[in-house]
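Observations on chain architecture
Below are the chains, spelled out letter by letter.
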Amino acid sequence: SFDPDTVTALHDETAQGRRLLDEVGDLDLTLTDDPAQAVGRAALGGVLTGEELLDVAAAIAVQVRAARLGSASLAHLAPGSVRSSRSVRTGALAPKLVAMARRIPDLSDVESDIRRAIGDRGKVMDSATPALRRLRSSVRKAYEHVTSALGKIVRSDVQSALQGQVISMRGDRFVLQVRSDLRHRVPGIVHDASNTGATVYVEPLATVDLGNAWRELSLEEERETARVLANLSEKVGMAGDAYTLGSALTGEIDLILARARYGIRNKGVTPQLPKGPNGSNGQTLRLVAARHPLLGKEAVPLSIEIGRDKTTHDGQTGTSVLVITGPNTGGKTVAMKTVGLLVAMNQSGLQVPADEAVLPIVDGLYVDVGDHQSIEGSVSTFSSH
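Here goes a summary of the coordinates provided. Just so we're clear, the structure is a prediction, and the values are computed from it rather than from any experiment.

Some points on the sheet that holds strand β5 (residues 285-290)
With antiparallel pairing, the three strands of this open sheet are ordered in space as β6-β5-β9. In this open sheet, the two edge strands, each paired with only one partner strand, are β6 (302-306) and β9 (356-358). Taken pair by pair, the neighbouring strands of this sheet meet at an average axis angle of 10°, ignoring direction. Taken together, the three bridges between β5 and β9 define a ladder with antiparallel strand orientation.

Some thoughts on empty space enclosed by the protein
The final tally for this structure, using the stated rule, is one cavity of 30 Å³ or more. Computed from the structure, the largest cavity encloses a volume of approximately 30 Å³. Lining the largest cavity are Val39, Val56, Ile60, Leu107, Val110, Val236, Ala239 and Tyr243.

A look at the pairing of strand β2 (residues 173-179)
Taken across its seven residues, β2 has six buried, putting it largely inside the fold. With five bridges joining them, strand β1 (residues 162-170) and β2 adopt antiparallel strand pairing. Note on β2: the bridge partner recorded for Ser168 is Val175. Between β1 and β2, which pair antiparallel in sequence order, lie two residues; one of them, Gly171, sits at a positive phi of approximately 60°. With four bridges connecting them, β2 and strand β4 (residues 199-204) associate as antiparallel partners. The residue bridging Leu176 from the neighbouring strand is Val202, located in β4.

What counts and how
Residues numbered from 1 in each chain as written. Predicted model: local features only at pLDDT ≥ 70, side-chain atom pairs only at ≥ 80, totals over all residues. Heavy atoms only, no water. Pairing = 2+ DSSP bridges. Helix = DSSP H or I, 4+ residues; strand = E, 2+ residues; numbered from the N terminus. Axes fitted to C-alpha atoms, helices over the stretch in contact; angles between N-to-C directions. 1 Å grid on protein atoms, 1.4 Å probe; cavity = no way out; pocket = protein on both sides within 12 Å on 5 of 7 lines; lining within 4 Å. Points joined across faces, edges and corners; volume = space filled by probe spheres on them. Buried < 20%, exposed > 50% of the residue type's maximum accessible area, 1.4 Å probe, protein only.

Next up, the structure:
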């Protein structure tokens, strides 16, 4: 942002996030898959798969964790991880984050409904409805009946007419592999044949009714499963607007905490805004022991000051200019890139790696892009610029 008020607000959020992390430890808002498209499809009446519903439940769980920031105390946020022995209220540490968290809609009932009905691998569980439990029990019994009957046929005197003792499926029907030349020994319905024609897949007449019973129950079980998925999808669709709001707020909190984590990792400070004449925003840029984030422990601290807020000998406000010169690999490029990067970080609400920082809000960033550059590889040249 190029607006001083917005930049100040961003830094306020980052500082609150850092205070929260310092007191309570980290808050995991990791989300592997974003189900926004699935939620949108459900809102239009679409039916989601079990895997998609699990993704929705996982996303809601993240929103629920973020909403805990609105709890009265840190103990509710992350039990057992509070670093301070004293009682600390989250509102005092991070009022902006708490306000966001309290706006996150409570969709925990939708998450609970999904997890009660959908297993870890996205399959609708038997316990989803009493009817489904009953139907699946009947399907299993019907399956046992038909496969048991076929097993008896396999072990009967027609065994020599079979290509093997394997029970196969063709078109949702249970069949035996029968030699074509001995087809007459196994009365039944032919459902398929091998590419060579040497084998035909026969459903014995003795098991047709048992197969019909299994198939009818299976179809009824499929309809009940589809009904469960449709009902859950309808609940997700009805909660679509609330989910979208919760996702946006959770994402905003996650971004603030990410900025705070980055500040902690880089031992960053919040830059101060320079003051100009008559209370205006100043133009002075001052960095003390500033470090380029990419260089890590290898960074040589840089201290620099430049700006317009100096008063000249005749009492006028002057403009200072900084000229950087020196030998190759002397740090000229690193100095320029460090200043430019820290200015950009500041106006993104990121704390900067320095012992002290005073940074103006610039109204433009100008980047010289040309030769191959790598400060990590000590490669930099502006020879033709």
